[in-house]
Amino acid sequence: YDETPVYVGTAGYKFDDWLGTFYPNDIPNENMLKFYSREKGLSFLELTFTFYNDPTPEITSNIAENASDELSISVRLNKRFLKELPQKEDADKFREGLEPIYDRTKAYFADFYNGFTPSRGNLEHIFRLRDTFNDRPFFVELANRGWYKQRFLEDLKKNNIGIVCADYPPTSGLAPFFVQAFNNMGYFRLYGHSPEWECQLEKA
């Protein structure tokens, strides 16, 4: 395990409340990624804006130009793909937007909300989504605790789908902290246990 690469980073990098703590107070937005990956030396970045908007070559070219050569990336799939499977043209367009950073992209991940409950139909949706985005390792984050039964876990592993190890607050119904390797890879998303986060969950 000593030779296993470890990539550490955050979900996004442009946050106003990082000014004066992580970033210098006067840093312009366009210099944040350079500071993140070069000055701080973080080796990984989740692209999360892709959940709301499709990537474009213009945006990802800017990322490629400003990031350090060592920065690796994972891509959060768009929320519409979690509800309806994309047509080939739609999926191809999404991937084309990633072309400037494609060589850096280590994985895709789809994070399904707590209301995405375990069922054969939902499992088949995951399988077909994996088939659509099969050019990189594919991970799912399943917030609903019901997925963490042996039959579902075995089906996911058998179909080459990794499970994101999510460190949720101990709120009823959310997934346990479940660690499972996928083709010698693991994906951890650490949310933290702040009271503010738990209050947001209770209101959701």
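Structure: above.
What counts and what doesn't
- Residues numbered from 1 in each chain as written.
- Predicted model: local features only at pLDDT ≥ 70, side-chain atom pairs only at ≥ 80, totals over all residues.
- Heavy atoms only, no water.
- Pairing = 2+ DSSP bridges.
- Helix = DSSP H or I, 4+ residues; strand = E, 2+ residues; numbered from the N terminus.
- Buried < 20%, exposed > 50% of the residue type's maximum accessible area, 1.4 Å probe, protein only.
- Phe/Tyr/Trp six-rings, centres within 6.5 Å; stacked < 30°, edge-to-face > 60°.
- Lys NZ or Arg CZ within 6 Å of the ring centre and 35° of its normal.
- Contact = heavy atoms within 4.5 Å.

## What about the sheet that holds strand 1 (residues 9-11)?
Right, on to step 1. What the six strands build is an open sheet, ordered 1-2-3-4-5-6; its pairing is parallel. Each edge of the sheet is formed by a strand with only one pairing partner; in this case those strands are strand 1 and strand 6 (162-163).
Right, on to step 2. Pairing between strand 3 (residues 72-76) and strand 4 (residues 105-112): four bridges, direction parallel. Bridged to Arg76 within strand 4 is Phe109.

## Here's the deal with the pairing of strand 5 (residues 138-142)
Right, on to step 1. Along strand 5, five of the five residues are buried, which leaves the element largely enclosed by surrounding structure.
Right, on to step 2. The sheet contact formed by strand 4 and strand 5 spans five bridges and is parallel. Looking at strand 5, one finds that Ala110 is bridged to Val140.

## A closer look at unusual backbone geometry
Right, on to step 1. The phi dihedral of Asn160 is positive, around 60 degrees, even though this residue is not glycine.
Right, on to step 2. Structurally, the position occupied by Asn160 is in the loop between helix 6 (150-158) and strand 6.
Right, on to step 3. Look at Asn160 and you get partly exposed, because its relative accessible area is 43%.

## Description of the packing of aromatic side chains
Right, on to step 1. In this structure the tally under the stated criterion is 20 aromatic pairs.
Right, on to step 2. Where Phe81 meets Phe133, the ring centres are 5.5 Å apart and the plane angle is 40 degrees; that geometry is what we call tilted. Of this pair, Phe81 sits in helix 3 (residues 79-83) while Phe133 sits in the loop between helix 5 (120-132) and strand 5; the two residues are 52 residues apart in sequence, bridging distant segments of the chain.
Right, on to step 3. With centroids separated by 5.9 Å and ring planes inclined at 80 degrees, the aromatic side chains of Phe94 and Phe133 adopt a geometry described as edge-to-face. Highlighted residues: Phe94 in helix 4 (residues 88-96) and Phe133 in the loop between helix 5 and strand 5, separated in sequence by 39 residues.
Right, on to step 4. We classify Phe94 as buried; its relative accessible area is 0%.
Right, on to step 5. You can call Phe133 buried: its relative accessible area is 0%.
Right, on to step 6. A network of ring pairs unites the aromatic residues Tyr13, Phe15, Trp18, Phe22, Tyr23, Phe35 and Tyr36 as a single cluster.
Right, on to step 7. The ring of Tyr102 is capped by Arg136, whose NZ or CZ atom sits 3.9 Å from the centre of that ring.

## A closer look at helix 1 (residues 32-39)
Right, on to step 1. For helix 1, every residue scored as buried is listed here: Met32, Leu33, Phe35, Tyr36 and Ser37.
Right, on to step 2. Where helix 1 is buried, its residues contact strand 1, strand 2 (44-47) and helix 2 (57-66).
Right, on to step 3. Positive phi shows up at Gly41, right after helix 1, with a value of about 70 degrees.

Read these as layout, nothing more, since geometry by itself doesn't imply function.
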